[in-house]
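Tertiary structure, described
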Amino acid sequence: PESAIWVGCQPVLEQLFPDKDFDFKHPEEILIAANNNHLVIAGRDRWDPENLVVEKRHTTVDGVQQEYGTHNAVYTFLHDYLGVRWLWPGELGEDILRRETVAFEPFTYRYHPQVRARSGLLAYSTLFRGGPSEPPNRRGFSSNYWLRAQRLQLSELTSDAGHGPWNSWWDRFHETHPEYFALQPDGSRSRCGGRVSMCFSNPDLAEQWLDDVAAELEENPNQRVFNPSPTDGWQRGHCICENCRAWDHPEGEIRRPFIWEGISQDYVALTDREMKFANRVARGLKERFPDRDLYVYWLAYGHSRPAPVETVPEDNIIILNVANFLLRSDSLDRGSTTGKTHRENFGDWGRVAEHQFWRPNVGNPVGWQWGMPDVPLTRTIEDMKFAAENGWMGIYVDYVRNHWSTQGPMYYVMAQLTWNPYQDGHAVLEDYYRRAFGPAAAEMEEYWTWMEKIREECYGTENVGRSDHDLFDFYNTERLDMAQEKLDHALERAADGPEVYRERIAFVQAGLDFTRLVTECGRLVRRIEEEDDPDGKLRARIDKNWEELRALRRQQPNAFRWQMFFAGRGDDVSPRLHRQVPRILAP
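A brief look at the structure comes next. (Residues numbered from 1 in each chain as written. Predicted model: local features only at pLDDT ≥ 70, side-chain atom pairs only at ≥ 80, totals over all residues. Heavy atoms only, no water.)

**Considerations on helix 10 (residues 377-388)**
Taking 1.5 Å of rise per residue, the 12 residues of helix 10 would be expected to cover 16 Å, and the 17 Å separating its terminal C-alpha atoms lies within 8% of that figure. Of all the 12 residues making up helix 10, 9 are buried; the element is thus mostly covered by neighbouring parts of the structure. Turning to helix 10, its buried residues number three or more, namely L377, R379, T380, I381, D383, M384, F386, A387 and A388. (Helix = DSSP H or I, 4+ residues; strand = E, 2+ residues; numbered from the N terminus. Expected span 1.5 Å × (residues − 1). Buried < 20%, exposed > 50% of the residue type's maximum accessible area, 1.4 Å probe, protein only.)

This is how it looks when you write it as structure tokens:
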């Protein structure tokens, strides 16, 4: 045709766009360009035609690619050039600007994302699909759709969160190859407290691991990254053989005690030892598979949190850095004897490693896991830029639980900055408020800024994780009443505008109602513990709050990850919360 929109790379494009290079040089690179008659939306798409179908644990995926450049180019065009916004999952979160025509002056836009493993940012969105917490609407929208629209789900590399394969090796090899396993002080090659540790200096261990990789590639040729990191329980049972200890750098940071059966010892960090093994298998991947672009994931965790003193990681090693500074950028590495923060550890690794994967355990600093409005927006924007400046190329957050009505702006800005961490995060938020709430944008910005202020005051003045870090007092009546005033003002401003803005404010209102009900329950339970409740009035108020929570769930099923509070599809209280919040849910 004389004029068209062309999606994906096609031979005719070289004639229609003779000045454009369609030989993409970078992973996941995208190109969006217009001339007087044509528009092209394309990206680097890579796949193996012989291996398009992959069997996964719960499903079969047909049409697997190694890179989805065109897909992400389409959503970039929709977001950047047509102004479509997916503010949160579900139809209410979709915002489309209606227009009579679509026209552009000639332009060229190229981009390739620095963060090449993005699907783990909201890992729970991919684990929970549909169900009572988020029934797909008539268009089938779900969190998975939202992840795709944010250009998170279909990224080049997998978002690995775990440890290596060594636990399964015990059953496979402890009788036939005991030399693979860590030497213990009693002279045995045994487990310590159930933990399996390896003799990383043994060259046969690396060869056997590489044999396993070859078998995995036979089964799934699309696999790109392999993880030989140590198992969890990182204090216990490390190898004390002469060769392994010779790999330890004497100037490594002294860490917390190492533990063996009946023995403990202060010893240097194991980072140089572990990097020597990681380099050995990384070089082995290159030698065995010279025509493949394969990587080694290695956890910087426990006794390998500090960067190596001397050993430089190979360029096909990705450091899985369990640097817990998301939401709490000043948090100390509890194992450090020098007082370093997780953020500083990440920066140290960024100076020696070409690739870093940010894998924070976010914990529950000011009620994050419970769904409180724990929204350190400015802190998060700064920390994500810091990560990008220090080699950030993948992410897995443990965990984001999809509490959209209390933490939605955080998820949105995190998603946008994962795609492009160098954009202005505050401008992203301003756009979010404007598109979500229209005439009430300023009032809703005030609301979320107030919630951020509460959060930062609580985080900065209390002993996080200790008994005096009381979420029920943080989100007290006075503070929540002020938040309610701001929502009431927002609703007044939206009174004469389109209904969708009032519906979105009601969505946020559900989060504030949830926060008020849950924290009041906590304070009531504390009163029962301190004062008793002989006439049952306090318990009756708790029961009334829980009935209101159940009603709120039915009214706003997408506003919150309700499985955290209610079990299955019914209204029973979740056993998980019985364990996590015993004071609230005590019989």
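**A short note on the nonpolar core**
Core analysis: the largest hydrophobic core is formed by 101 residues, its most contacted members being W358 and M444. Among the elements that line this core, the one with the most residues is helix 16 (residues 499-531), at 12 residues. For W358, the contacting residues outside a window of four places in its chain are N321, A323, F325, L326, F346, D383, M384, A387, W392, G394, I395 and Y396. One finds L210, V296, A300 and I317 within the second-largest nonpolar core, a separate group that totals 33 residues. (Core = buried A, V, L, I, M, F, W, Y, C linked by side-chain atoms within 4.5 Å. Contact = heavy atoms within 4.5 Å.)

**Brief notes about the packing of aromatic side chains**
A complete count under the given rule lists 45 aromatic pairs for this structure. Taken together, a centroid distance of 5.9 Å and an interplanar angle of 65° make the contact between F77 and F104 edge-to-face. In this pair, F77 sits in helix 2 (residues 69-81) while F104 sits in the loop between strand 9 (94-95) and strand 10 (107-111), placing the two residues 27 residues apart along the sequence. Take F104: its relative accessible area is 28%, and that puts it in the partly exposed class. Connected via pairs of aromatic rings, a cluster forms that spans F77, Y81, F104, F107, Y109, Y111 and W419. Its guanidinium or amino end placed over the ring of Y267, R245 lies 4.2 Å from that ring's centre, counting from NZ or CZ. Geometry around F386 places R343 over its ring, the cationic atom sitting 4.0 Å from the centre. (Phe/Tyr/Trp six-rings, centres within 6.5 Å; stacked < 30°, edge-to-face > 60°. Lys NZ or Arg CZ within 6 Å of the ring centre and 35° of its normal.)

**Description of the environment of F560**
Following the sequence through the fold, F560 ends up in the loop between helix 17 (537-555) and helix 18 (575-580). Looking at F560, the relative accessible area reads 1%, which means it is buried. When the C-alpha atoms of F560 and F507 are compared, they prove to be 9.6 Å apart, with 53 residues separating the residues in sequence.

**Observations regarding the packing of helix 10 against helix 12 (residues 425-437)**
Axis separation between helix 10 and helix 12 bottoms out at 9 Å; the angle between their running directions is 135°. With respect to each other, helix 10 and helix 12 are oriented oblique. Only G425, H426, L429 and Y433 of helix 12 make contact with helix 10, whose side of the interface consists of L377, T378 and I381. When grouped by side-chain class, the residues that make up the contact of helix 10 with helix 12 number 4 nonpolar, 3 polar and no charged. (Axes fitted to C-alpha atoms, helices over the stretch in contact; angles between N-to-C directions. Parallel < 35°, antiparallel > 145°, perpendicular 65-115°, else oblique. Nonpolar A, V, L, I, M, F, W, Y, C, P; charged D, E, K, R; others polar.)

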